Amino acid sequence: MSNPVLNIGICGFGTVGQGVWKHLSANRARLESRLGVRLNLARAAVRDLRRPRDVRIPGRLLTDDALSIARDPSIQIVCELMGGTKAARQVTLTALRAGKVVVSANKALICEHGAEIMAAARRHGGHFFFEASVAGGIPIIKALREGLVANRFPRIYGILNGTCNYILTRMKEQNAPYAEVLADAKRLGYAEADESLDVDGWDTAHKAAVLAWLAHGVWVRTDQMIVEGISRLTPADIRNAATLGFGIKLLAVITRDFRRDELSVRVHPTLLPAGNVIANVNGVFNAISVSGDVVGTTLYSGRGAGRDATASAVISDIADAASLLRHGKGAHLLGEEPVGPSRCRLAPPESIRGRYYVRLTVKDQPGVLARVASEMARHRVSIATVIQGPADRPRAASLVLTTHESDERAIGHTLRRLRSLATVLEEPVLLRIGDFAS
Ligand code: NAP
Ligand code: HSE
């Protein structure tokens, strides 16, 4: 008896969609023999049918109507690789309501509509796989859901955005101008169509929400997180951090205090000790440290963006989907539920503790440092180190302070006061110090 045919529809034929088509075509025979099915790349959807493509595809397989793929009764696996949340949501829900498997790389969609999507899959017998939505080619969803199923997770942190890590690396190593590096990240297919999602931290926040849901069973909205990006960082911050013995990385930090039952999800540029492994993960690479109460700390690293790495993750979901459709639910060991379906409250700002780096551009005149120190003391923020140097404007100085341990409420009050001083000339820069040994 010949193996059954599974028809695959690819909605979105851009960076990721073309990568999936290319690598699935190249590896089809090997995958088919392992999975015991025939994988047929049936159709693909784009917005503009006339746009030239790097990967060749017969014109008759292309459509500009993505919904027609979601509705096509002959297609069992729909890959949503379009991005955005409006048309993507419609395609995803339509396919799930028809009982299909949807494979998605769309973290913005999952963050915004995850609860609705998972409910639709459950209600209509569809399935939703999303390995490519977090950390590009790193199989972090599988690791959390399957490999680490024995664990609860007090801390998950890491670099989840390839574009920002690429920019920070080139700023540090080549002193390259921000705009030039961002343009390169776009050309290389790392950045989102709207690159502010990357540089302002939202893409990392979307991915953090997905990981927090998997690990803790709670959907955390981005407006419930601290979300700060890299666009205000200057080469001076990178140099100051190095002088203090740190590297700067844009991190997602997800911590759960099981005693108080508090969860915190935040995204911000972070000073990591120079010896920390993640501080040394560079370029487009992502890295994630997952601490489990049974396993201890585990570390994952790999390319976090780009055509090939992301295609690898999408194809892994297609293989899981094929196995599920071929062999039934039993083959899909742990289902699609989160690891830790439990209730917990979000940590209030005074529970989020740490050390801080503050850079101020101030008037270069007597008494300014004393005034800054007294404002910090008023809010019980204790100064650990001070570096004073020239600022890049006349009659001004740059003050870089690090603090002893404080909390988000106290540092927030302090910053508001400092901002209001006439001697503080620019918006202060606040960075968190991540005292993570591993
Ligand atoms: P992209 O290069 O901009 O490609 C998007 C594709 O979707 C294009 O082919 C576009 O058509 C098509 N499209 C958009 N809206 C459509 C609509 N309404 N109907 C039909 N086709 C539509 O984006 P990408 O980088 O491949 O990213 C796709 C998704 O993967 C996003 O959710 C992104 O966040 C995610 N992701 C990307 C990466 C990465 O490294 N790039 C990594 C992980 C996850 P046209 O070509 O005709 O405009
Ligand atoms: N724009 C994203 C990044 C793509 O740079 O990480 C991968 O999700």
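Residues numbered from 1 in each chain as written. Chains lettered and ligands numbered in written order. Predicted model: local features only at pLDDT ≥ 70, side-chain atom pairs only at ≥ 80, totals over all residues. Heavy atoms only, no water.

**Focus: the domain arrangement of the protein chain**
What the domain assignment reports for the protein chain is domain 1 (5–137 + 307–333), domain 2 (151–303) and domain 3 (349–433). Between domain 1 and domain 2, the C-alpha centre-to-centre distance is 27 Å. Contacts between domain 1 and domain 2 engage 15 residues on the former and 16 residues on the latter. Of the roughly 1,200 Å² buried between domain 1 and domain 2, counting both surfaces, carbon and sulfur atoms make up 77%. The largest contributions to the domain 1 side of the interface with domain 2 come from Lys107, Cys111 and Val134, which together make up 43% of the buried area. (Domains from an automatic or database assignment. Contact = heavy atoms within 4.5 Å. Buried area = accessible area lost by both parts, 1.4 Å probe.)

**Quick look at the nonpolar core**
Ranked by internal contacts, the top residues of the largest apolar core, which has 83 residues, are Phe130, Ile140, Ile156, Leu211 and Val290. For this core, the element with the most residues is helix α9 (residues 202–216), which contributes nine residues. Counting 36 residues, the second-largest nonpolar core is a separate cluster that includes Ile10, Ile315, Ile318 and Leu324. (Core = buried A, V, L, I, M, F, W, Y, C linked by side-chain atoms within 4.5 Å. Buried < 20%, exposed > 50% of the residue type's maximum accessible area, 1.4 Å probe, protein only. Helix = DSSP H or I, 4+ residues; strand = E, 2+ residues; numbered from the N terminus.)

**Re the packing of helix α1 (residues 15–35) against helix α11 (residues 307–327)**
Put simply, α1 and α11 touch, their axes get as near as 8 Å, and they point 45° apart. Regarding the angle of α1 to α11, the classification is oblique. Relative to α11, the crossing made by α1 is right-handed. Only Arg307, Asp308, Thr310, Ala311, Val314, Ile315, Ile318, Ala319, Ala322, Ser323, Arg326 and His327 of α11 make contact with α1, whose side of the interface consists of Thr15, Val16, Gln18, Gly19, Val20, Lys22, His23, Leu24, Leu31 and Leu35. Each residue belonging to the contact of α1 with α11 can be placed in one class, and the counts come to 11 nonpolar, seven polar and four charged. (Axes fitted to C-alpha atoms, helices over the stretch in contact; angles between N-to-C directions. Parallel < 35°, antiparallel > 145°, perpendicular 65-115°, else oblique. Left-handed = near helix turned anticlockwise from the far one by under 90°. Nonpolar A, V, L, I, M, F, W, Y, C, P; charged D, E, K, R; others polar.)

**Focus: the side chain of His206**
Turning to its location among the elements, His206 is positioned in helix α9. In this structure His206 comes out as buried when scored by relative accessible area, which is 11%. Among residues more than four places away in sequence, those in contact with His206 are Lys107, Ala108, Cys111, Leu197 and Thr222.

**Some words on the site of ligand 2**
Neighbouring residues of ligand 2: 13 residues in total, closest Lys107, Thr163, Tyr190, Glu192 and Asp198. Burial of ligand 2 by the protein chains amounts to 93% of its free accessible area of 260 Å². For the shell around ligand 2, the elements supplying multiple residues, two or more each, are α6 (162–174) and α9. A class-by-class count of the residues in the shell around ligand 2 yields four nonpolar, four polar and five charged. (Near = heavy atom within 4 Å. Areas by Shrake-Rupley, 256 points an atom, 1.4 Å probe, with all protein chains shown as cover.)

**So, the environment of Gln174**
Relative to the helices and strands, Gln174 resides in helix α6. The sequence separation of Gln174 and Ala437 amounts to 263 residues, and the corresponding C-alpha distance is 27 Å. At a separation of 2.8 Å, a polar atom in the side chain of Gln174 contacts the side chain of Arg170. (Polar contact = N/O pair within 3.5 Å; in protein donor to acceptor, adjacent residues only side chain to side chain.)

**Quick look at the packing of aromatic side chains**
For the structure on display, the rule yields six aromatic pairs. Between the aromatic rings of Trp213 and Trp219, the centroid separation amounts to 4.8 Å while the plane-to-plane angle is 10°, which identifies the pairing as stacked. On the accessibility criterion, Trp219 (24% relative accessible area) is partly exposed. A connected cluster of aromatic rings, assembled from ring pairs, spans Phe128, Phe130, Trp213 and Trp219. Directly above the aromatic system of Phe258 lies the positively charged group of Arg152, at a separation of 4.1 Å from the ring centroid. (Phe/Tyr/Trp six-rings, centres within 6.5 Å; stacked < 30°, edge-to-face > 60°. Lys NZ or Arg CZ within 6 Å of the ring centre and 35° of its normal.)

**Focus: the site of ligand 1**
Around ligand 1, a shell composed of 24 residues is seen, among which Val16, Asp48, Arg53, Glu192 and Gly306 lie nearest. A distance of 2.9 Å is found between an oxygen atom of ligand 1 and a backbone nitrogen or oxygen belonging to Val16. Here Arg47 contributes a backbone N or O atom positioned 3.0 Å from an oxygen atom of ligand 1. Taken by itself ligand 1 offers 900 Å² of open surface, and the protein chains cover 87% of this.

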